[in-house]
Amino acid sequence: MLTTDFDYHLPPELIASEPLPERSASRMLVVHRDRGVVEHRAFKDLPSFLTPSDLLVLNNTRVVPARFFSNDGSREVLRVEPLSPTIWRCMVKPGKRFRLGHTVEIGDSTGTVREILENGDRIIEWSSPVDENKHGHLALPHYMGREDQPQDRERYQTVFSKAEGAIAAPTAGLHFTPEMLGQLPHCFVTLHVGVGTFQPVKVDKIEEHQMHSERYIVSPETAERVQQAGRVVAVGTTAMRTLETVARDHDGKIVPTSGSTDIFIYPGFEFRAVGALLTNFHLPKSTLIMLVSAFAGKDLIMHAYEEAIRERYRFFSYGDCMLIL
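In this report, we go over the structure that sits alongside the text.

Rules and cut-offs
Residues numbered from 1 in each chain as written. Predicted model: local features only at pLDDT ≥ 70, side-chain atom pairs only at ≥ 80, totals over all residues. Heavy atoms only, no water. Helix = DSSP H or I, 4+ residues; strand = E, 2+ residues; numbered from the N terminus. Rg over C-alpha atoms; globule rule 2.2 N^0.38 Å. Buried < 20%, exposed > 50% of the residue type's maximum accessible area, 1.4 Å probe, protein only. Contact = heavy atoms within 4.5 Å. Areas by Shrake-Rupley, 256 points an atom, 1.4 Å probe, with all protein chains shown as cover. 1 Å grid on protein atoms, 1.4 Å probe; cavity = no way out; pocket = protein on both sides within 12 Å on 5 of 7 lines; lining within 4 Å. Points joined across faces, edges and corners; volume = space filled by probe spheres on them. Nonpolar A, V, L, I, M, F, W, Y, C, P; charged D, E, K, R; others polar. Axes fitted to C-alpha atoms, helices over the stretch in contact; angles between N-to-C directions. Parallel < 35°, antiparallel > 145°, perpendicular 65-115°, else oblique. Left-handed = near helix turned anticlockwise from the far one by under 90°. Lys, Arg positive; Asp, Glu negative; His and termini not counted. Salt bridge = Lys/Arg side-chain N within 4 Å of Asp/Glu carboxyl O. Pairing = 2+ DSSP bridges. Expected span 1.5 Å × (residues − 1).

1. Topic: the overall build of the protein chain
Scanning the protein chain from terminus to terminus reveals seven helices and 17 strands. A compact globule built from 325 residues should have a C-alpha radius of gyration of about 20 Å, and the protein chain, at 20 Å, falls within 12% of that. Taking the principal axes of the C-alpha coordinates as reference, the protein chain spans close to 60 × 45 × 40 Å. Taken across its 325 residues, the protein chain has 54% of its residues classed as buried. Expressed as a percentage of contacts within the protein chain between residues at least 6 apart in sequence, the contacts between residues at least 24 apart total 69%. Only carbon and sulfur atoms are counted for the fraction: they give 48% of the accessible area of the protein chain, which is about 14,500 Å².

2. What about the layout of surface pockets?
Its boundaries defined by the atoms lining it, the largest pocket holds a volume of some 1,300 Å³. In this structure, the largest pocket is lined by 45 residues; those nearest its centre are Leu 78, Met 91, Val 195, Gly 196 and Gln 199. Breaking the lining of the largest pocket down by element, the ones donating at least two residues are β6 (76-84), β7 (87-93) and β13 (214-218). The leading source of residues in the lining of the largest pocket is β6, at five residues. Considering only residue class, the lining of the largest pocket consists of 16 nonpolar, 16 polar and 13 charged.

3. Here we look at the packing of helix α6 (residues 287-296) against helix α7 (residues 298-310)
Contact pair α6 / α7: the axes reach a minimum separation of 7 Å and the direction vectors enclose 120 degrees. Taken together, the axis directions place α6 and α7 in an arrangement best described as oblique. Of the two possible hands of crossing, α6 and α7 adopt the one that is right-handed. Across from Ile 289, Val 292, Ser 293 and Ala 296 in α6, the residues of α7 making contact are Lys 298, Leu 300, Ile 301, Met 302 and Tyr 305. Among the residues forming the contact of α6 with α7, the class breakdown is seven nonpolar, one polar and one charged.

4. So, the side chain of Arg 75
Residue placement: Arg 75 occurs in the loop between β5 (67-69) and β6. Look at Arg 75: it is buried, it has no salt bridge, and the nearest opposite charge is Asp 72 at 4.4 Å. For Arg 75, the residues in contact, after removing those within four places along its chain, are Phe 68, Phe 69, Ser 70, Lys 93, Pro 94, Arg 97, Phe 98, Thr 103 and Val 104.

5. Some thoughts on the pairing of strand β1 (residues 27-32)
For a regular strand, the rule is simple: side chains alternate between the two faces of the sheet. With five of six residues buried, β1 is to be regarded as a mostly interior element. Strand direction decides the pairing type here: β1 and strand β2 (residues 37-42), joined by six bridges, are antiparallel. Of the residues in β2, the one forming a bridge with His 32 is Val 37.

6. What about α7?
For an α-helix, the turn length of 3.6 residues means that residues three or four places apart are oriented alike. Between its first and last C-alpha atoms α7 spans 18 Å; for 13 residues at 1.5 Å apiece the expected length is 18 Å, and the two agree. Restricting attention to buried positions, one finds in α7 the residues Leu 300, Ile 301, Met 302, Ala 304, Tyr 305, Glu 307, Ala 308 and Ile 309. Contact partners of the buried residues in α7: β1, β2, β16 (276-280), α6 and β17 (321-324). With its phi angle positive at about 65 degrees, Arg 312 sits one or two positions after the end of α7.

7. A look at empty space enclosed by the protein
The full count for this structure, using the stated rule, is four cavities of 30 Å³ or more. Size it by volume and the largest cavity reaches roughly 280 Å³. Of all the secondary-structure elements, those providing two or more residues to the lining of the largest cavity are α5 (237-249) and β16. Here the residues of the lining of the largest cavity sort into eleven nonpolar, ten polar and no charged. Empty space within the second largest cavity amounts to approximately 70 Å³. Along the walls of the second largest cavity sit Pro 19, Leu 20, Arg 23, Ser 26, Arg 155, Thr 171, Leu 174, His 175, Arg 314, Ser 317, Tyr 318 and Gly 319, which together make up its complete lining. Tallied by class, the residues present in the lining of the second largest cavity amount to four nonpolar, five polar and three charged.

The values are spatial; any link to function lies outside them.
Here's what the structure looks like:
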């Protein structure tokens, strides 16, 4: 399969750069895999599509302010992974100003480039911990076309976010309010969404793409509830990737475990854990549109996206959602 097989044209004005005032006010495109049809509904209709034996599985990761600027504003550091409070793995801009031994000042702390990794990431050691609440910014997706604002600190989090460590939000969960969640059977996994979720597929043949790795946790309570559920409804591609990783590695069973996953789900994948998926709309030629195409069939997904564009749905992180049954 070719990366271009998963391309589509999106009018720029359909990209949601701001959230709706009300979380649960989003529209919801419902895709019925068994009949090959779609229907237009509202997110508030979600409970009507669920049965008493269904179980929602959500990702409770919490986004941290991982983007930093030097005191003079000329350099940018994106913390990909904290190896310790004072040693970070980072993406940097511009690279020529982060050569081995170069220093950068953020607040009262001085960072020194200790290592340059093969993919261009830097290992930076800080003289003291950087105050992320004071100097950190959310790394909003580039397609929003704006810098983060104070209101994003709360709105670019799910209401159930708990485990700090994500760079990007698990956006399918952004639609839920405490009231909606309270009336639905649910449990949580944790997968810390990394910056790789925004990285484009740069190869022509999708089988040659190398996925980024992300850390996940499945608790004993969640494993037990998933094993007992009639149908598992993954809220977001991150919840799906976590469950399918565990099922793949444990002979179809969901067990308490933790680790890192670089699972790449594209058409031909055999799903072993998830029976339905709630997700937002995804970038053209991205690994995520390949994932939903694997779950629902590429032709049906492309038809659904055409419908969503025709009906002027809002796309991407702060946009509307799709329920695949």
